[in-house]
Amino acid sequence: MYHSKSTKYKALLFIAPFLACFLIFWLAPVLYGIWISLNDYKLSMGNLGFVGLENYKTIFDTGSVYHTQFMNALKNTFVFMAISVPPLVLISLGLALLIDNLPSKLKVFFRTIFFLSYAISVTAVSAIFLWLFNANGGFVNNLLMTMNITNSPVNWLTEQPYAWFVVLISTVWWTIGFNMLLFVNALDEVDGALYEAADLDGANSFKKFLYVTLPEIRNVAFFVIITTVIASFNLYGQTMLITNGGPARSTTSLIMNINHTVFSGNQLGIGSAMAIVMGVIMTVVTGLQYWANLKINSDGPKRKRKGRSKKSEDPALVNAPLPYQVDGKETMKK
Amino acid sequence: MYKKKWGLVLATSVLAFSMAACGDDESEESTGSNGTTQIKFINGFTGGDGSYMTKIVDDFNESQDEFEVVQSQEPDHYTKFKSSQYDLVIMHESNLETYIQDQMIQPVSSFLEGAGLSEDEFHPAGLAASTVNDELYGFPLDIHPLTMFFNEEVVSEAPATYEDLVTLNNEAQSSDPNLYALGIPGSGLVEFYINMIAAQNDIDLEQDGYLNFAQEDFADALMIFHDMVFEDEISPAQLGLDGEFQTFMKNPEGGGKQAAIALTGPWYFQAAKEQYGDNLGIGSIPQIGDGTATAGNAHILAVPSNVQDGAVKEGVEAFLGFLYEPENLVNWAESGQTPTHLATLDLVSEDPETYELAAQNLEQLDDYVSMPHVYNYGEQMRYMNEIVFSKLVSEAGLTKEALMTELEMATEEARQFSGQ
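All values derive from a computational prediction rather than experimental measurement. (Residues numbered from 1 in each chain as written. Chains lettered and ligands numbered in written order. Predicted model: local features only at pLDDT ≥ 70, side-chain atom pairs only at ≥ 80, totals over all residues. Heavy atoms only, no water.)

A. Broad picture of the overall build of chain B. Scanning chain B for helices and strands turns up 17 helices and 16 strands. In chain B, which comprises 420 residues, the proportion classed as buried is 55%. Residue pairs in contact within chain B that sit at least 24 positions apart in sequence constitute 77% of those at least 6 positions apart. A total of about 17000 Å² of accessible surface is found on chain B, and carbon and sulfur atoms cover 46% of it. The positive charge centre, built from 15 side chains, and the negative charge centre, built from 72, are 19 Å apart in chain B. (Helix = DSSP H or I, 4+ residues; strand = E, 2+ residues; numbered from the N terminus. Buried < 20%, exposed > 50% of the residue type's maximum accessible area, 1.4 Å probe, protein only. Contact = heavy atoms within 4.5 Å. Areas by Shrake-Rupley, 256 points an atom, 1.4 Å probe, with all protein chains shown as cover. Lys, Arg positive; Asp, Glu negative; His and termini not counted. Charge placed at Lys NZ, Arg CZ, Asp CG, Glu CD.)

B. Summary view of the UniProt feature "transmembrane region" (unreviewed entry) in chain A. When the UniProt feature table is mapped onto this chain, "transmembrane region" (unreviewed entry) is found at residues 12-35, 78-99, 108-133, 162-184, 217-236 and 270-292 of chain A. End C-alpha to end C-alpha, residues 78-99 of chain A measures 31 Å, and it is 100% helix and 0% strand. (UniProt positions renumbered as here; feature names shortened; annotations may be inferred.)

C. Looking closely at the sheet that holds strand β13 (residues 258-264) of chain B. All names here are of chain B. The strand order β10-β13-β9-β14 describes an open sheet built from four strands, whose pairing is mixed. A single partner strand is all that each edge strand has here, and the edge strands are β10 (179-182) and β14 (280-283). On average, adjacent strands in this sheet sit at an angle of 20° to one another, irrespective of strand direction. Here three bridges tie β10 to β13, and the two strands are oriented parallel to one another. (Pairing = 2+ DSSP bridges. Axes fitted to C-alpha atoms, helices over the stretch in contact; angles between N-to-C directions.)

D. Just the nonpolar core, in detail. Formed by 55 residues in total, the largest nonpolar core has its most connected members in F213, F218, L222, F225, M384 and L407 of chain B. For this core, the elements supplying multiple residues, two or more each, are β9 (147-151), α7 (162-175), β10, α8 (190-200), α9 (216-230), β13, α16 (377-394) and α17 (400-418) of chain B. One finds F70, L168, L268 and A273 of chain A within the second-largest nonpolar core, a separate group that totals 51 residues. (Core = buried A, V, L, I, M, F, W, Y, C linked by side-chain atoms within 4.5 Å.)

E. Examining the pairing of β14 of chain B more closely. All names here are of chain B. Side chains L280 and I282 of β14 all project onto a buried face; the interleaved residues G281 and G283 project onto the opposite face, where all are buried too. Pairing geometry for β9 and β14, over four bridges, is antiparallel. Within β14, the residue paired with M148 across the bridge is G283.

F. Up close: the domain arrangement of chain B. Residues and elements named next belong to chain B. When cut into domains, chain B gives domain 1 (10-143 + 297-367) and domain 2 (147-293 + 376-418). For domain 1 and domain 2, the distance between their C-alpha centres works out to 31 Å. Each partner contributes to the interface: domain 1 provides nine residues, whereas domain 2 provides 15 residues. Between domain 1 and domain 2 the total buried area reaches about 1100 Å² when both faces are included, carbon and sulfur atoms providing 51% of it. Three residues stand out in domain 1 for area buried against domain 2, namely E356, L357 and Q364, and they jointly supply 40% of the buried area on that side. Inspection of the region where domain 1 meets domain 2 yields one salt bridge. (Domains from an automatic or database assignment. Buried area = accessible area lost by both parts, 1.4 Å probe. Salt bridge = Lys/Arg side-chain N within 4 Å of Asp/Glu carboxyl O.)

G. Quick look at the confidence of the model for chain A. Here chain A averages 87 in pLDDT, and 88% of its residues register 70 or above. This model gives residues 303-334 of chain A a pLDDT under 50, and the stretch forms 17 contacts once residues within four places in sequence are excluded. (pLDDT = per-residue confidence, 0-100.)

H. Local environment of the confidence of the model for chain B. Averaged over every residue, the pLDDT of chain B is 90; the share at 70 or more is 92%. Predicted confidence is poor over residues 12-24 of chain B, with pLDDT under 50, and the contacts of this stretch with residues over four places away or in other chains come to ten contacts.

I. Molecular detail of unusual backbone geometry. Residue and element names in this part refer to chain A. Cis geometry marks the peptide bond from Q160 to P161, where omega comes out at 10°. Tracing the sequence through the fold places P161 in the loop between α6 (139-146) and α7 (162-189). Cis rather than trans, the peptide bond between G246 and P247 has omega equal to -5°. Inspection of the secondary structure puts P247 in the loop between α11 (237-243) and α12 (254-264). Here the phi dihedral of N266 falls at roughly 70°; this positive angle occurs in a residue that is not glycine. Inspection of the secondary structure puts N266 in the loop between α12 and α13 (268-313).

J. Representation of the interface of chain A and chain B. Contacts between the two partners involve 34 residues from chain A, matched on the other side by 34 residues from chain B. Of the roughly 3000 Å² buried between chain A and chain B, counting both surfaces, carbon and sulfur atoms make up 54%. On the chain A side of the contact with chain B, Y32, N136 and R249 of chain A bury the most area, a combined 21% of that side's loss. Across the chain A-chain B interface, the total number found is two salt bridges. The salt bridge involving R249 of chain A is made with E386 of chain B; its shortest N-O contact spans 2.6 Å.

K. Broad picture of α12 of chain A. Listed in full, the buried residues belonging to α12 of chain A are L254, M256, N257, I258, T261 and V262 of chain A. N266 of chain A, located one to two residues past α12 of chain A, shows a positive phi value of around 70°.

L. The arrangement of the environment of V70 of chain B in detail. Inspection of the secondary structure puts V70 of chain B in strand β3 (residues 67-73). On the basis of relative accessible area, V70 of chain B is assigned to the partly exposed category, the value being 31%.

M. Structural view of the pattern of salt bridges. Following the criterion strictly, the structure yields 17 salt bridges over all chains and no others. The salt bridge involving D188 of chain A is made with K107 of chain A; its shortest N-O contact spans 3.9 Å. Taken together, the residues D188 of chain A in helix α7 and K107 of chain A in helix α4 (residues 104-116) connect sequence positions 81 residues apart. The partner of D59 of chain B in a salt bridge is K55 of chain B, with the nearest N and O atoms 2.9 Å apart. Here the residue D59 of chain B and the residue K55 of chain B both occupy positions in helix α2 (residues 50-63), the gap between them amounting to four residues, near one helical turn.

N. Helix α1 (residues 5-37) of chain A, seen in detail. All names here are of chain A. For α1, built from 33 residues, the straight-helix expectation of 48 Å at 1.5 Å per residue is missed by more than 12%, its first-to-last C-alpha distance being only 41 Å. If you look at α1, its biggest bend is around 45°, right at I15, and the proline P17 turns up within four residues after that. When α1 is considered as a whole, its buried residues turn out to be L19, L23, L27, A28, Y32, G33, I36 and S37. (Expected span 1.5 Å × (residues − 1). Bend = angle between axes of the 7 residues up to and from the residue.)

Quick look at the structure:
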């Protein structure tokens, strides 16, 4: 009955919209991108013929200018990923924890405040940070010099590591609200009974965070890390508008480089090959994260069991007074 | 069986996309709702000058009922032009060779004749900007050279030489240590500076189709910018993107360093006028190198290769004939651009108050040196723009030897981008 033809057709009808969207908006562009990367494709002149892997060879040919620019952009993107993912995850988690401990009325208020920056366009964010960090009479330099912290202006946008610093804090300020919101929702989902149990076991705040909160929000944290890494790979607007890829191309990201190769350099074929290589690198990085998460998940329960049994076997811990107990008697927590 | 079906679906999708990417190379006549032949005109005039070009287009459309110019003003008009069909396009001199080699534009001598114009109606600088291999590839519209704006409260007379700049700087510094003669940018308009100093020292950067920066004379010439910042200190260091204009516009009360002069693009005229009002002076580029010369870029009206239809050609000619009537093109001078059409320049000269900037810049036309016409000019210049010039004005200890090493790298990049 379930395998009748009409049932199959009905099922096909239901999944048809998804399939159509998948084919049109994902699979076909990806395949078309791969096809372009195998051709000598110029934006102005169109397809000048199939060249096989020639565009990929150009990217990996150490004597080629495209290689130099691609590797430089790749290195810059990894630098940004390394410096941006930890604060974007940890600060957003910290903010979420702070908000989670606020009274519910204030919780909504601050959640909105912190999320608000995420709604601002990158152009406006860049304009704000350009004004703040302009070396010549910018707000931050004026402040530092007025307070006698520095005698001469800091070249925030034209010297490293300051340029990365500006890109980093503009990114954190701009996007922190999104990750924070995911963490706030995840914290809302944590069963209060677990905290009560931990209280009874005498766990302090740090231990409650480590043994209750973190395992409970682990999947969301994993999602946040993956999406933050992917977003870091897609760095474009901030470096384009704040540092213009400088100083000396040190903040030129992969997307900026691809954009330049295609639209200024007219090399759609080579640009597409760069995009495909970038996609492969992102897939590998995401795959590694996924594998690491699976590994942690599979190891997790064992560690948990080990910890619990250890604690129960340790008489010192079993008999130790809870932090808010006086002389072994429980008192009201202030 | 199922595999086959899915294979078929995939193949069809890919084929559909491939077909969508292919198109007819020849533009066909488009007819407007009232039976007029439409001329699709694309340009990148999205700033203040856009409305002046729109006025010319509107006036043309109202003047007759045979043709209709449909104008698109796009910030990324080159990308749009590459991927769609147009009948007339505004092109920069810097891109001319690239679009000729990519076979996207055609010679315009026959169009010039059809529009009732001749080459001797244009200033030689405009013709040089529009000519490649002795063939005219566009109608010279304007030249926008590096322009000097100055604050008349500080500068009594526009400096004409490097020595004048040093003297001005000494005076400015003695009155206010945060006031400099000018600001040298780290990036942005620096290719105008690079071409200007090459032109003033009579250095030809073009060699076999690419830009050869690795020349001893050129390194010496470039070091003047380093000296302006670190030796004579007539400019603050590390000004970054568009630093020449930002420093000129800096309000001294807001802190930071200010410049009395800006060597910048004429498109900043309106903003500078708003800030300085009647105290805004306009001058020619001073002699910083061995001789007098200025550089910049030019707007050219080019006809795409796909324009083959007789009616469309007639429409293009009719519009260009109308545009080059001095009373129409003078609108373009009002926007601040300097037309290279001689009869229009006469009108500008007669009324320097109305056409303040154009009237001043037309004096620079005789000194204008065309930029090198090479394939992928922008990409060939990129290393100079992004790395070399920035080092010149930010590294106090930069030596000529270190500069030469950078120039060799810039040349190698240029050579590869030229396709040689």
